[in-house]
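Coordinates in review
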Amino acid sequence: MANSDSLEILVEQNPQPVPDSDRQKLLENPGFGNLFTDHMVIIRYTEGQGWHDAKVEARAPIPMDPASSVLHYAQEIFEGMKAYRLADGTTALFRPEQNARRFQASAQRMAMPELPEELFLKSVEMLVDIDRDWFPSAEGGSLYLRPFMFASEVFLGVRPAKEYLYMVIASPVGAYFKAGASAITIWVSQDYSRAAPGGTGAAKCGGNYAASLVAQAEAIAQDCDQVVFLDAAEQRWVEELGGMNLFFVMDDGRLITPPLTGTILPGITRESIMILAREEGLDVSEEPYSIEQWREDAASGKLLETFACGTAAVVTAVGTVRSESGDFTIGSGGPGQLTEKLRMRLVDIQRGLVEDQHGWVKRLF
Ligand SMILES: *Cc1c(COP(=O)(O)O)cnc(C)c1O
């Protein structure tokens, strides 16, 4: 078996990249997730052979057999990360080794082969390098990177597949929410759960998102921006949004976030915020927080702020919570001071505006 760690990734330049002038135009207003670069990474896995045929090549549709097992049993995982242009013009990634490790943890949970950390990092860096002209022109833009893996074996039996494709695509994105944007309104899902004990809630797999879409649609129908999920067992403990972790800012200097008990996605933004908040002198605690307590603390003023966080939207204030038993407002209903402070701390590090004391910023070129 070849040593996957040292697997060579071949580069085949796209012979027909998007012309310069068209690309410049597209990059003026990229939106989120609509626009893609000229290349992609593709690496194959075959049981008994390991990882092989690694390439960076022209982004193109991939032929798929209708019996490819992912189409039937959803063996699929992904990551979400961003490449940034720092203030001094350097291109950098934020804690990419954390994404590599979480990708391995997700693979394990879904009975998929683990991609070596080195190969994950190399593949992402090579794509950023070859598509370096695809950074949005507007400030606050970045190159969103989407590594993913799925079962490609042509087989309908129910067992872990023996063949997989690992791929990376890149999408230039604008700022998800503008700085100082107003707070979001979230809908409490009481009919649907995202994750159950023993399930796949801690794995970043497409299936979790599939299960969350009907609740997200309900949130939109209720005029809300996002859905918040409660625990499946008691429908009581606040867990997270469809794709963002939650924090509660208390009036006694405590910052609460729900614990990682297997039903919550371990966000890299979540972990970074916990570290930054402790440095700000806050007492950060991972503890269960119930929906009744949330409502009560918002009413009494014990709860000052609530915010959600994740790679895509970074840090977003939650202003109003809506549910079948009525609405409640947090603080003034707008972004609070601590939310804004922690958001700035993180963004300044990610953008190279302050010294990176944690070794979080990986400079590429
Ligand atoms: C990806 C994701 C997050 C946020 O993770 P980050 O590493 O901070 O981007 C939170 N919740 C869910 C369900 C996710 O899939």
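Residues numbered from 1 in each chain as written. Predicted model: local features only at pLDDT ≥ 70, side-chain atom pairs only at ≥ 80, totals over all residues. Heavy atoms only, no water.

The chain carries the name Branched-chain-amino-acid aminotransferase in an unreviewed UniProt entry, which gives Parasphingorhabdus litoris as its organism. The chain has a UniProt comment under Sequence similarities (unreviewed entry) that states "Belongs to the class-IV pyridoxal-phosphate-dependent aminotransferase family." Under the Cofactor (unreviewed entry) heading, UniProt states for the chain: "pyridoxal 5'-phosphate". (UniProt positions renumbered as here; feature names shortened; annotations may be inferred.)

Further remarks concern the site of the ligand. Residues in contact with the ligand amount to 15 residues; listed here are only the nearest, Lys-204, Tyr-209, Glu-240, Thr-269 and Thr-311. Between Tyr-209 and the ligand, the recorded distance is 2.6 Å, taken from a side-chain N or O atom to an oxygen atom. The contact in question runs from an oxygen atom of the ligand to an N or O atom on the side chain of Thr-311, over 2.6 Å. Look at the ligand: alone it shows 380 Å² of surface, and the protein chains cover 97% of it. A per-class count over the shell around the ligand returns 4 nonpolar, 7 polar and 4 charged. (Near = heavy atom within 4 Å. Polar contact = N/O pair within 3.5 Å; in protein donor to acceptor, adjacent residues only side chain to side chain. Areas by Shrake-Rupley, 256 points an atom, 1.4 Å probe, with all protein chains shown as cover. Nonpolar A, V, L, I, M, F, W, Y, C, P; charged D, E, K, R; others polar.)

The next point concerns the pattern of salt bridges. Evaluated as defined, the whole model comprises 20 salt bridges. Between Asp-252 and Arg-254 there is a salt bridge, with the nearest N and O atoms lying 3.3 Å from each other. Look at Asp-252 and you get partly exposed, because its relative accessible area is 48%. Here Arg-254 ties to Glu-287 by a salt bridge, and the two come within 3.3 Å at their closest N and O atoms. (Salt bridge = Lys/Arg side-chain N within 4 Å of Asp/Glu carboxyl O. Buried < 20%, exposed > 50% of the residue type's maximum accessible area, 1.4 Å probe, protein only.)

Look at helix 6 (residues 268-279): 17 Å from first C-alpha to last across 12 residues, which is about the 16 Å you get at 1.5 Å a residue. Looking one or two residues past helix 6, Gly-281 carries a phi angle of roughly 90 degrees, positive in sign. (Helix = DSSP H or I, 4+ residues; strand = E, 2+ residues; numbered from the N terminus. Expected span 1.5 Å × (residues − 1).)

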